[in-house]
Amino acid sequence: MNSSASAPVDDLVVAHMPLVGYHVSEVLSRVPATVSREDLVSAGHLALVLAARAYDPETGVPFPRYAALRIRGALIDELRSMDWASRGARHRARELSAASDRLTATLGRTPTRTELAAHLGTDLAAVDQARQDAERRVLSMDATVHPVADLVRDDAPGPEDNVLITERLRYLRAAVETLPDRLRTVIDGLFLQDRSVAELAEELGVTQSRISQLRTEGLALMRDGLNASLDPQLVPVAERPDGVAERRRRTYFAAVAARAAAAPTAAGLLATTVPTPFADSAHARDGVTA
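How each quantity is defined
- Residues numbered from 1 in each chain as written.
- Predicted model: local features only at pLDDT ≥ 70, side-chain atom pairs only at ≥ 80, totals over all residues.
- Heavy atoms only, no water.
- Helix = DSSP H or I, 4+ residues; strand = E, 2+ residues; numbered from the N terminus.
- Expected span 1.5 Å × (residues − 1).
- Buried < 20%, exposed > 50% of the residue type's maximum accessible area, 1.4 Å probe, protein only.
- Arc of directions from axis to C-beta.
- pLDDT = per-residue confidence, 0-100.
- Contact = heavy atoms within 4.5 Å.
- Core = buried A, V, L, I, M, F, W, Y, C linked by side-chain atoms within 4.5 Å.
- Axes fitted to C-alpha atoms, helices over the stretch in contact; angles between N-to-C directions.
- Parallel < 35°, antiparallel > 145°, perpendicular 65-115°, else oblique.
- Left-handed = near helix turned anticlockwise from the far one by under 90°.
- Salt bridge = Lys/Arg side-chain N within 4 Å of Asp/Glu carboxyl O.

Q: I'm lost on helix 2 (residues 17–28) in this one. Help?
A: Counted at 1.5 Å a residue, the expected span for helix 2 with its twelve residues is 16 Å, and the 17 Å between its end C-alpha atoms agrees. All of the buried residues along helix 2 are L19, V20, H23, V24 and V27. Taken around the axis of helix 2, the buried residues stretch over an arc of 125°, which confines them to a single face. Away from its buried face by more than 90 degrees, helix 2 exposes P18 and Y22.

Take a look at the structure:
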């Protein structure tokens, strides 16, 4: 790899090294204290480098998410490599623990080695070996405490979730583009262009408080427009169903649905649609439920 090609990879690695520390700390909080932090960090750094080399921006997947998946996978592999015990050893340790619990409940005291051996139908040497296996706190996929299986869980959206997210983004974009001109100017300016209230107020020749009113009005109209297609039960019932204002709202709802239906549904939509931060901001500021 030449120097010009390696520069972007190096930049990605350096900028996202904190990801390794974060995921290593998360894993360490759920595994025995005997697990080496240095070993996990080394595995995480290698995964980050490999992720940077393999990353393709054309996929539209943010690098932090892609790298996080690779890092978590590498940490799980590293934990598995630390598991010295055979399946039989783990089984014997579990059997010993269960037998000890049963006898303790029956006898009202801790059972002796002889009692455990008799209960399990084995000899004292097998009991001693199983006890050693139990005391070594095996780190395994089926351990009863801090199971590695818990670490395999991936909270990232699955295929079905991605379809739903894409659909909502398509309707969100349609909702913005269908707004009346003045409302669209305010919503687009505040959330997509990061313009200030004062700047928009000067451009439209209104007060800053009026810009805030238009923002609230626009977000409320968008919320109902999206819900009209996606969650109709969330659209409030109009006090005057036959009024002029309600007819305008219904016309807007229909226009949003038509524009969304005509929009592309391919994966490329995510690269050209309304950025997700807009949706997050709208939700956070005005409780829009898209």
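Q: Can you help me understand the confidence of the model for the chain in this one?
A: If pLDDT is low for a region, its predicted coordinates should not be looked at in detail. Averaged over all residues, the pLDDT of the chain equals 77, while 74% of them reach at least 70. Within the model, pLDDT remains below 50 along residues 137–152, and this stretch shows 41 contacts once partners closer than five positions in the same chain are excluded. Counted against residues more than four places away or in other chains, residues 266–290, with its pLDDT under 50, gives 43 contacts.

Q: Would you mind showing me how to read helix 4 (residues 63–81) here?
A: Structural remark: α-helix, 3.6 residues per turn; residues separated by three or four positions point the same way. For helix 4, built from 19 residues, the straight-helix expectation of 27 Å at 1.5 Å per residue is met to within 8% by its first-to-last C-alpha distance of 27 Å. Of the residues making up helix 4, those classed as buried are F63, A67, A68, I71, A74, L75, I76 and L79.

Q: What is the right way to look at the nonpolar core in this model?
A: Generally speaking, a soluble globular protein has its nonpolar side chains buried in company with each other. L179, M222 and Y252 are the most contacted members of the largest nonpolar core, which has 27 residues in total. Here this core takes seven residues from helix 12 (residues 208–230), the largest share from any one element. In this structure, Y252 is in contact with A175, T178, L179, L221, M222 and G225, ignoring residues within four places of it in sequence. Counting 21 residues, the second-largest nonpolar core is a separate cluster that includes V9, V35, Y55 and I71.

Q: Would you mind showing me how to read the packing of helix 10 (residues 181–192) against helix 11 (residues 197–204) here?
A: Each pair of packed helices gets described by two things: the angle between the helix axes and the distance between those axes. Where helix 10 contacts helix 11, the axes come no closer than 10 Å and their chain directions differ by 155°. It follows that helix 10 is roughly antiparallel to helix 11 by the angle criterion. Judged by the twist between their axes, the crossing of helix 10 over helix 11 is right-handed. Contacts from R182, T185, V186, G189 and L190 in helix 10 reach V197, L200, E203 and L204 in helix 11.

Q: Please clarify how the pattern of salt bridges should be interpreted in this entry.
A: Should their charged atoms come close, side chains of opposite charge can pair. Under the criterion given, the structure shown has twelve salt bridges. Among the salt bridges present, the one from R109 reaches E115, with a minimum N-O distance of 2.7 Å. Owing to a relative accessible area of 39%, R109 belongs among the partly exposed residues under this scheme. For E115, a relative accessible area of 25% corresponds to the partly exposed category. Among the salt bridges present, the one from R250 reaches E246, with a minimum N-O distance of 2.7 Å. Taken together, the residues R250 and E246, both in helix 13 (residues 244–262) and four residues apart, mark about one turn of the helix.

Q: Looking at this model, I keep getting lost on unusual backbone geometry. Mind explaining?
A: With the exception of glycine, most residues fall at negative phi, and the peptide bonds are largely trans. In this structure, D194 takes a positive phi of about 55° despite not being glycine. In this structure, D194 sits in the loop between helix 10 and helix 11. On the basis of relative accessibility, which here comes to 68%, the residue D194 falls in the exposed class.

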